[in-house]
Amino acid sequence: MANSQPPLALINASLIDPQALSQSSGGVLIEEGLIKALGPSVNQASLGSDIQMIDCAGDCVSPGLIDMRVFIGEPGAEHRETIASASAAAAAGGVTTLISTPDTSPPVDDPAVVDFLLRRARDNAKVRVLPAAALTKGLRGEELAEIGLLQEAGAIAFTDGAHSIRSSKVMRRLLTYARDFDALVMHFPQDHDLASPGGMNAGALATRLGLPGISPEAESIILDRDLRLVAATGARYHAALISSSQSLDSIARAKQAGLPITCAVSVNHLCLNENDIGDYRTFFKLSPPLRHEEERLKLVEALADGLIDVIVSDHNPQDVETKRLPFDEAADGAIGLETMLSAALRLVASGHISLPRLLARMTLRPAEILGLPQGRLAIGAPADLIRFDPDEPYVVDPSKLHSRSKNTPFDEAHLQGRVKLSIVAGRIVHD
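What counts, and at which threshold
- Residues numbered from 1 in each chain as written.
- Predicted model: local features only at pLDDT ≥ 70, side-chain atom pairs only at ≥ 80, totals over all residues.
- Heavy atoms only, no water.
- Helix = DSSP H or I, 4+ residues; strand = E, 2+ residues; numbered from the N terminus.
- Rg over C-alpha atoms; globule rule 2.2 N^0.38 Å.
- Buried < 20%, exposed > 50% of the residue type's maximum accessible area, 1.4 Å probe, protein only.
- Contact = heavy atoms within 4.5 Å.
- Areas by Shrake-Rupley, 256 points an atom, 1.4 Å probe, with all protein chains shown as cover.
- Lys, Arg positive; Asp, Glu negative; His and termini not counted.
- Charge placed at Lys NZ, Arg CZ, Asp CG, Glu CD.
- Right-handed = clockwise from strand over helix to strand, strands pointing away.
- Pairing = 2+ DSSP bridges.
- Expected span 1.5 Å × (residues − 1).
- Core = buried A, V, L, I, M, F, W, Y, C linked by side-chain atoms within 4.5 Å.
- Axes fitted to C-alpha atoms, helices over the stretch in contact; angles between N-to-C directions.
- Parallel < 35°, antiparallel > 145°, perpendicular 65-115°, else oblique.
- Left-handed = near helix turned anticlockwise from the far one by under 90°.
- Nonpolar A, V, L, I, M, F, W, Y, C, P; charged D, E, K, R; others polar.

Scanning the chain from terminus to terminus reveals 14 helices and 17 strands. Taking 2.2 N^0.38 as the reference for a compact globule, 431 residues should give roughly 22 Å; the C-alpha atoms of the chain span a radius of gyration of 21 Å, in line with that estimate. Per-residue burial for the chain yields a buried fraction of 59% across its 431 residues. Nonlocal contacts in the chain, meaning residues at least 24 apart in sequence, comprise 76% of its contacts between residues at least 6 apart. Approximately 16400 Å² of the chain is accessible, and the part contributed by carbon and sulfur atoms is 48%. Separation between the mean location of the 40 positive side-chain charges and that of the 54 negative ones in the chain comes to 2 Å.

Here it is in structure tokens:
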């Protein structure tokens, strides 16, 4: 993003450094879209009168969030979400970089579609929008997409979105092909046959509600297969969403073996469990499904220990026609860009994880995985920053959210952590 903004300074802030895992008082000076200076020396007395200053009054300042899994409706489903509406929601939620999934219509399996998205983002987005391209043509899991050409066109990573690749032969060829281009494969591990026609976590609650269940094995079987193929090929692999302790065990073994793998969990699976479904509340119908409370706590523990690398919103807008249906007929998915930070701060308030460590999973770690310069609070780093008050309470009002769809599982929830300012490349995009 080009920058012609005058110098800007955020002073009297609590600086959160996700690299040092520290929190300290000071300020940040921004010039030409980059962090020029930071620390206690950046204050009102040391700055010239020609520099615009924002007094943060003790609020937190950190790198902007990087969300690695966001569905945007363009092209083909603009009624659900557009680049403009998604980026406005992202800016309001403190997300300054988002990775869009390729399961659009047409899918992002052609360099021309990558170019289209980059141009649309340039013209309409408030934040950085980086497209992920398809692993297979038409997202059908059969014929490999042109990973080299798509990468050259600007694709940041490769995934089939919510589609899981059934064929082990195809997956092995994909990983081998991706390895040769040092491309990141972000796969959604779910056995289609075991998961269909499930709608929630398999167990006593599903039986009581009369709903078909999805067992953790539907996830772990495909993940185990993928990890064995990673061991055979050496490709960089990212498990796009995990939700169970079985998967955590597999990830731990693979990391101990030194495999080039990472994984993500959605903020929904860290903060909610299957009991939240209550009386068939379809806004809680997700894929993978919400699990037992014991499983949720194991995910939180793995996040704090560093086994889980990344938190994502898994932003998946659905309109009224696909959500206001009987539970087993409703579409999967929830919006989350605008509430991801506030929901995740529940883990800080409960004492499960420190604020710097939480933010590292939403800023620095995704930047490292994607090879981006953002996500750092350091001199010379891009000035993608947010200011937020982690203690400011508010009630989620879906009508005030920026997303075109309103399917939030945090409808009327009491959250804490209001984003007051979002800056991308030195430009204020939300205030």
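From this point, things continue past the structure.
The element strand β7 (residues 95-100) is largely enclosed, with a buried count of six among its six residues. Handedness of the crossover joining strand β6 (residues 65-70) and β7 through helix α1 (residues 83-93) is recorded here as right-handed. In terms of strand pairing, β7 meets strand β8 (residues 128-131) through four bridges, oriented parallel. Within the sheet, the bridge partner assigned to Leu-98 lies in β8 and is Val-129.

Turning next to helix α7 (residues 217-233). Along its 17 residues, α7 runs 24 Å from first to last C-alpha, staying within 8% of the 24 Å computed at 1.5 Å per residue. Residues Ala-218, Glu-219, Ser-220, Ile-222, Leu-223, Arg-225, Asp-226, Leu-227, Leu-229, Val-230 and Thr-233 constitute the buried set of α7. Residue Gly-234 follows α7 closely and has a positive phi angle near 80°.

This brings us to the nonpolar core. Residues Leu-98, Tyr-237, Leu-270, Ile-308, Leu-358 and Phe-388 are the most contacted members of the largest nonpolar core, which totals 96 residues. The dominant element in this core, judged by the number of residues it contributes, is helix α12 (residues 340-349), at six residues. With residues up to four places along the chain from it excluded, the contact list for Leu-98 reads Asp-67, Val-70, Ile-72, Ala-86, Ala-90, Val-127, Arg-128, Val-129, Leu-130 and Leu-337.

What the four strands build is an open sheet, ordered β9-β12-β13-β14; its pairing is parallel. What marks the edges here is a single partner per strand, and that holds for β9 (184-187) and β14 (310-312). Averaged over neighbouring strand pairs, the angle between their axes works out to 25° when direction is ignored. When strand β13 (residues 261-266) meets β14, the two strands line up parallel, connected through three bridges. Directly across from Val-265, in β14, lies its bridge partner Ile-311. The strands that α7 touches are β9, β12 (236-239) and β13; relative to β12, the one it contacts most, it runs at about 165°.

To continue, consider the packing of α7 against helix α8 (residues 245-256). At a minimum axis separation of 9 Å, α7 and α8 run at an interaxial angle of 15°. When the interaxial angle is binned, α7 and α8 end up roughly parallel. Every pair of crossing elements has a handedness; the one defined by α7 and α8 is right-handed. Residues Glu-217, Glu-219, Ser-220, Leu-223, Asp-224 and Leu-227 of α7 lie in contact with α8, whose contacting residues are Gln-246, Ser-247, Ser-250, Ile-251, Arg-253 and Ala-254. Residue composition of the contact of α7 with α8, grouped by class: four nonpolar, four polar and four charged.

Here we take up the sheet that holds β7. The sheet built from three strands is open, its strands ordered β6-β7-β8 with parallel pairing. Two strands bound the open sheet, and with one partner strand each, they are β6 and β8. With strand direction ignored, the average angle separating the axes of adjacent strands in the sheet is 20°. Across four bridges, the pairing between β6 and β7 is parallel. By the bridge assignment, Leu-65 is partnered in β7 with Val-95. Strands in contact with α1 are β6, β7 and β8; relative to β7, the strand with the most contacts, it is inclined by about 140°.

Treat this as a map of the structure, not an account of what it does.
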